[in-house]
Amino acid sequence: MTSNIAVVLPSYRKDLYDKVFMPKWQELFDKHNVTLLTVWDEEDPLKTTLQINNKEKINIKDILGKDSDLVCNRYAGVRSLGLAYAGLNLPNVEYVISLDDDLAPVGDPIQDHLDALQMRVPVSWMPVGDQYTRGFPYGVRTEAEVVFSHGVWDGVPDFDAPTQLVKGTNPMNFYKMAIPKGVLTPMSYMNTAFKRKMIPYIFMCPQIREYLERCDDIWCSIEAKRVMDKKGWAAVTGYSRVYHERASNVFHSVVKESRFIQLNEGYWKGEKDDPYFKMYDERRLRWQNLKWV
């Protein structure tokens with residue numbers, strides 16, 4: 001049976017992948033007949049490879065050629081290679097699920113994502129609970145097609161370094177809702193799913209070591225959400241859960257995140273004075289214009 005689900009997973013830790021991640025997820029991968037696209041993140045970007053269902057390995061150059069610079073290695077955004085392969089070479093894939101290698105499933109997060117992606121939800125109005133109360137217009141209750149499901153995580157939260165220093169790694173509560181039109185939210189790609197039509201708009205922004213780090217999926221989500229708003233599509237959050245087992249070193253993260261935190265305060269409002277953004281916008285446009293099938 002041809003798979004219509006691709007799971008994209010970046011990793012550079014073979015032991016963790018083989019001994020911890022795969023034993024926890026293999027049953028669900030088999031159940032849903034997924035095509036597993038593992039991106040092996042190497043120190044040398046030209047040695048980065050994509051492995052299909054733990055068998056065939058393909059070099060980055062053989063997938064993207066002259067556009068290989070659109071994938072940033074040694075960061076979580078290297079998952080872009082898996083997205084590119086699915087969008088350029090797997091026309092039967094209807095859904096892409098993005099995971100990290102330090103996660104464990106809570107229930108069946110794959111099915112939860114698939115169920116969320118079948119929904120139609122309001123984005124002009126926001127309900128106050130899990131039922132529509134008096135006055136909620138009937139005409140908007142199935143207003144928008146859900147094309148993006150942002151999953152959440154038990155265990156270690158995805159805090160930035162200053163917040164982690166203050167809050168520690170205590171678990172947090174999450175909302176379960178559609179994200180309203182015109183509203184932005186920081187979306188981690190450690191547990192997300194989206195329909196094929198979103199691949200051209202999911203671009204992990206380039207990272208620059210020791211200058212600008214830890215922004216790849218956050219700024220990606222800003223641009224993707226703006227596309228969804230423009231096209232009348234919807235994103236939901238909170239319907240799929242995983243368990244996140246690892247925290248980054250908070251003191252290393254303080255250094256890595258400093259430039260990102262500074263620029264992030266203005267970027268979402270359209271402030272793009274830093275020369276980085278010219279390069280970012282150029283590469284994002286190139287990604288969008290790849291020959292997607």
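Above this note sits the structure.
Note that the structure is predicted; figures quoted are calculated from it, not measured.

Each value, and the rule that gives it
Residues numbered from 1 in each chain as written. Predicted model: local features only at pLDDT ≥ 70, side-chain atom pairs only at ≥ 80, totals over all residues. Heavy atoms only, no water. Buried < 20%, exposed > 50% of the residue type's maximum accessible area, 1.4 Å probe, protein only. Helix = DSSP H or I, 4+ residues; strand = E, 2+ residues; numbered from the N terminus. Pairing = 2+ DSSP bridges. 1 Å grid on protein atoms, 1.4 Å probe; cavity = no way out; pocket = protein on both sides within 12 Å on 5 of 7 lines; lining within 4 Å. Points joined across faces, edges and corners; volume = space filled by probe spheres on them. Nonpolar A, V, L, I, M, F, W, Y, C, P; charged D, E, K, R; others polar. Expected span 1.5 Å × (residues − 1). Phe/Tyr/Trp six-rings, centres within 6.5 Å; stacked < 30°, edge-to-face > 60°.

Draft legend 1. View of the pairing of strand β8 (residues 144–155). Among the 12 residues of β8, 11 are classified as buried, and the element is accordingly described as predominantly covered. Examined bridge by bridge, strand β7 (residues 120–121) and β8 share two bridges and lie antiparallel to one another. The residue bridging V121 from the neighbouring strand is A144, located in β8. Examined bridge by bridge, β8 and strand β11 (residues 233–244) share nine bridges and lie parallel to one another. For W153, the partnering residue across the bridge sits in β11 and is V242. Pairing geometry for β8 and strand β10 (residues 191–195), over three bridges, is antiparallel. The residue bridging S149 from the neighbouring strand is A193, located in β10.

Draft legend 2. Molecular detail of the layout of surface pockets. In this model, the second largest pocket occupies a volume close to 400 Å³. What lines the second largest pocket is a set of 16 residues, among which P127, G129, D130, K176 and Y239 lie closest to the centre. Those elements that provide at least two residues to the lining of the second largest pocket are β7 and β9 (177–178). Looking at the lining of the second largest pocket, its residues break down into 11 nonpolar, two polar and three charged.

Draft legend 3. Representation of the environment of V7 in the model. Relative to the helices and strands, V7 is located in strand β1 (residues 5–11). C-alpha separation for the pair V7 and T192, spaced 185 residues apart in sequence, amounts to 9.9 Å.

Draft legend 4. Structural view of helix α6 (residues 216–231). Taking 1.5 Å of rise per residue, 16 residues should cover 22 Å, and α6 covers 23 Å from first to last C-alpha, within 8% of that figure. Just downstream of α6, G232 is the residue with a positive phi angle, here 75°.

Draft legend 5. Expanded view of the packing of aromatic side chains. The tally for this structure, following the rule as stated, stands at 22 aromatic pairs. Ring plane angle 15° and centroid distance 6.1 Å describe the contact between Y17 and F21, whose orientation is recorded as stacked. Pair noted here: Y17 and F21 are both in helix α1 (residues 14–31), with a separation of four residues, about one helical turn. On the accessibility criterion, Y17 (1% relative accessible area) is buried. Note on Y267 and Y280: the rings are 6.1 Å apart at their centroids and 50° apart in plane angle, and the pair reads as tilted. With a gap of 13 residues between them, Y267 in helix α7 (residues 250–267) and Y280 in helix α8 (residues 276–288) connect regions that are remote in the sequence. We note that Y267, like Y280, is buried. Linked through ring pairs, F203, W219, F260, Y267, Y276, F277, Y280, W287 and W292 together constitute an aromatic cluster.

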